[in-house]
Structures are given as structure tokens and as C-alpha cells.
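# Breakdown of the fold
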Amino acid sequence: MSLDSTLVGRTFPATSPYRVSEERVAEFAAASGTPYTPGGQVPATFPIVLAFAAMNDFLDEVGVDLSRIVHGEQKFAYARPLVVGDVLTTALTVASLRQIGGNDIIGTRSDVTDADGVAVCSTSAVLVHRGGAA
Amino acid sequence: MSASPSAGLAAGQVLEARTYAVTRADLVRYAGASGDRNPIHWSDRVAAAVGLPGVIAHGMFTQALAARAVAEWTDGAEVVELGAKFTNPVVVPDDDTGVEVVLAGTVRSVEDGLAHLALEVTCGGTKVLGNPRAVVRA
């Protein structure tokens, strides 16, 4: 199954507000052995928690099973550091879509904004949808 | 955390390589912490069914290790940008020792208060991330 090229440029509804808690940040840091002390720098890849939720919503919407997705690339660009207590929402936009050898190569951008609607972090991902004959 | 975490970084500086072991237990823990429960990261059956050589680490787990190395090298400097392509899978066997991922890096430039780091992330001598890089506030 190939995805429809009319998805390009579409922004999906933002995720529910997510409150960044000390406990979740500490758990995330510990999972990769990253040094973290309360009030310190939040691990740089932590916003993947938000981007991943936005991606799951997107995959459900377009009817793609997560097990057929391989992550091709991920980038983070920060407008400011995340801090504990931030209440964040994430909106995913399909930036590009092409088909190569039966696979969809999906470029997404997920914009993370704070409770005031101010940009915190922009994350970009390339998702490879292994279409094939399942 | 020091007051000026990456003040010591200088262009051309080679950052001391780090080696991190990755086991299945690490992947399960990361799945819980990140919310990424994709079964290709814990089920041999599903990994094989989608044509993978075995259970593989989350690309984002490997990138988290890159961010860990950056945090250790810079004593927790503020990361402004981080990115990488996931070019080769990190296959994680179902045993107690797992695999080793090696993080190396150099400081490419320090200007306008920002240090640009070029990383190299390998597993068994193979580069697993493409163009891994970070920009931190110096």
C-alpha cells in the first residue's frame, strides 16, 4: 500500500497537552545512562516522546502499522531548552513523500510549542514505510 | 553542572571516545521510557517477519547514546541542534552482554557562542549513524 501524495503539506491535529515531569525526564535519561540531575539539562532527544506520540496519531490516521516503519533520520532544532513544568503540544506536518522500490519515504516535521503557543523545538524525521507484499 | 559547561571546547579538539554496552534489557527499558513499543525492538518473530536481521535497537536509542556522549563531553551544555541518519541497524542479541556502541567525536568549530561537534557512532566497526552531529552552546 502506498501513501497518497496529497498528504504532503498536511498538518495533523496537535497532540493533547503533555506536561514535562521530573520523573519522566529522569526515567528517560536513565534509560540511556545519560547524566541528569533535577533542574539540569533535559536530555536532547527527550522531545522524541512528543514527536513519537504525534507520529503514532498520524500512522493511525493514514492506516499504517508501526511495525512496518523504519526510522531513517531524526533531527532536533531547539528555540529554547525544554524545562520541567513545560506543557507542550506537538503538531505533525507531512513535509515530503516519495516512493522508492515499493517503500514510502515520508518526511515529517513535528513542531513542539509551549502553553503560550511559542515554539520550543522543531523535530524532523524521515520514516521509511516498508510497503512490500505483506 | 558547571556554570560554563562547554567553555573548554576548542576547534579541532578530539573528544575521548566512549563505549556503551546495549542489551535487550536496555531496549525494553528505553521502550517504556520513550513510548516506542515497536515490536521490532523486542520481538525476534516480528523483526524477522519484516525482513530485519534480528531485533534492532531503536534508532532513537542510539541517538540518545550520542546525546549522552555529548552531555558527558560538555558537562551538560545546552544542546541547540542534534541530528543523524540511521544508516545501519544495531542488532542486539538476546544474551547478557549485548553489543557495544562506540561514540567518537571532534569539535569542528567554535564560533558565535556555538560549538559544532561531528560525531562518529559505530558498532562492530560499522558506522550505524550517518552524519551524526550536534551544536551546543559554548
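Only a predicted model underlies this, so the values are computations on that prediction, with no experimental measurement involved. (Residues numbered from 1 in each chain as written. Chains lettered and ligands numbered in written order. Predicted model: local features only at pLDDT ≥ 70, side-chain atom pairs only at ≥ 80, totals over all residues. Heavy atoms only, no water.)

## So, the environment of Arg 130 of chain A
With respect to the helices, strands and loops of the structure, Arg 130 of chain A is situated in the segment after strand 5 (119–129). Using a relative accessible area of 24% as the deciding quantity, one classes Arg 130 of chain A as partly exposed. In this structure the C-alpha to C-alpha distance between Arg 130 of chain A and Asp 65 of chain A, which are 65 residues apart in sequence, comes to 9.9 Å. Non-local contacts of Arg 130 of chain A, meaning those with residues more than four positions away in its chain, are made with Arg 68, Val 70 and Asn 103 of chain A together with Val 50, Gly 51 and Leu 52 of chain B. (Helix = DSSP H or I, 4+ residues; strand = E, 2+ residues; numbered from the N terminus. Buried < 20%, exposed > 50% of the residue type's maximum accessible area, 1.4 Å probe, protein only. Contact = heavy atoms within 4.5 Å.)

## Here we look at the pairing of strand 4 (residues 114–123) of chain B
Residues and elements named next belong to chain B. As judged from the 10 bridges shared by strand 3 (residues 99–111) and strand 4, these two strands associate in the antiparallel manner. Paired with Val 102 across the two strands is Thr 122, which belongs to strand 4. Between the end of strand 3 and the start of strand 4, which pair antiparallel, lie two residues, with Asp 112 showing a positive phi angle near 55°. In the sheet, strand 4 pairs with strand 6 (residues 129–137) via five bridges, with the strands oriented antiparallel. Its bridge partner being in strand 6, Ala 115 is matched across the sheet by Val 136. (Pairing = 2+ DSSP bridges.)

## Topic: the pattern of salt bridges
This structure, assessed with the given rule, holds 10 salt bridges over all chains. A salt bridge links Asp 114 of chain A to Arg 80 of chain A; the nearest nitrogen and oxygen atoms lie 3.3 Å apart. Taken together, the residues span a long stretch of sequence, with Asp 114 of chain A in the loop between strand 4 (103–113) and strand 5 and Arg 80 of chain A in the loop between strand 2 (69–78) and strand 3 (87–100) at a distance of 34 residues. Taking relative accessible area as the criterion, Arg 80 of chain A reaches 24% and is therefore assigned partly exposed. Close ionic contact of Glu 72 of chain B with Arg 18 of chain B constitutes a salt bridge, the shortest N to O distance being 3.1 Å. Of this pair, Glu 72 of chain B sits in helix 3 (residues 59–74) while Arg 18 of chain B sits in strand 1 (residues 14–22); the two residues are 54 residues apart in sequence, bridging distant segments of the chain. (Salt bridge = Lys/Arg side-chain N within 4 Å of Asp/Glu carboxyl O.)

## So, the confidence of the model for chain B
Of the residues in chain B, 95% have a pLDDT of 70 or more, and the chain-wide mean is 94. Within the model, pLDDT remains below 50 along residues 1–6 of chain B, and this stretch shows 13 contacts once partners closer than five positions in the same chain are excluded. (pLDDT = per-residue confidence, 0-100.)

## A few points about the interface of chain B and chain A
Between chain B and chain A, the residue contacts involve 37 residues of the former and 30 residues of the latter. Carbon and sulfur atoms supply 60% of the area that chain B and chain A bury against each other, a total of about 2,800 Å² over both sides. Three residues, Ala 33, Val 50 and Met 60 of chain B, lead the burial of chain B against chain A; their summed loss comes to 18% of the area buried on that side. Connecting chain B to chain A are zero salt bridges. Along the contact surface separating chain B from chain A lie 10 residue pairs in polar contact (both at pLDDT 80 or more). Elements with a minimum of two residues in the side of chain B that touches chain A: helix 1 (24–34), helix 3 and strand 2 (79–86) of chain B. Sorting elements by how many residues they give to the side of chain B that touches chain A places helix 3 of chain B first, with nine residues. Partitioned by chemical class, the residues of the side of chain B that touches chain A number 20 nonpolar, eight polar and nine charged. (Buried area = accessible area lost by both parts, 1.4 Å probe. Polar contact = N/O pair within 3.5 Å; in protein donor to acceptor, adjacent residues only side chain to side chain. Nonpolar A, V, L, I, M, F, W, Y, C, P; charged D, E, K, R; others polar.)

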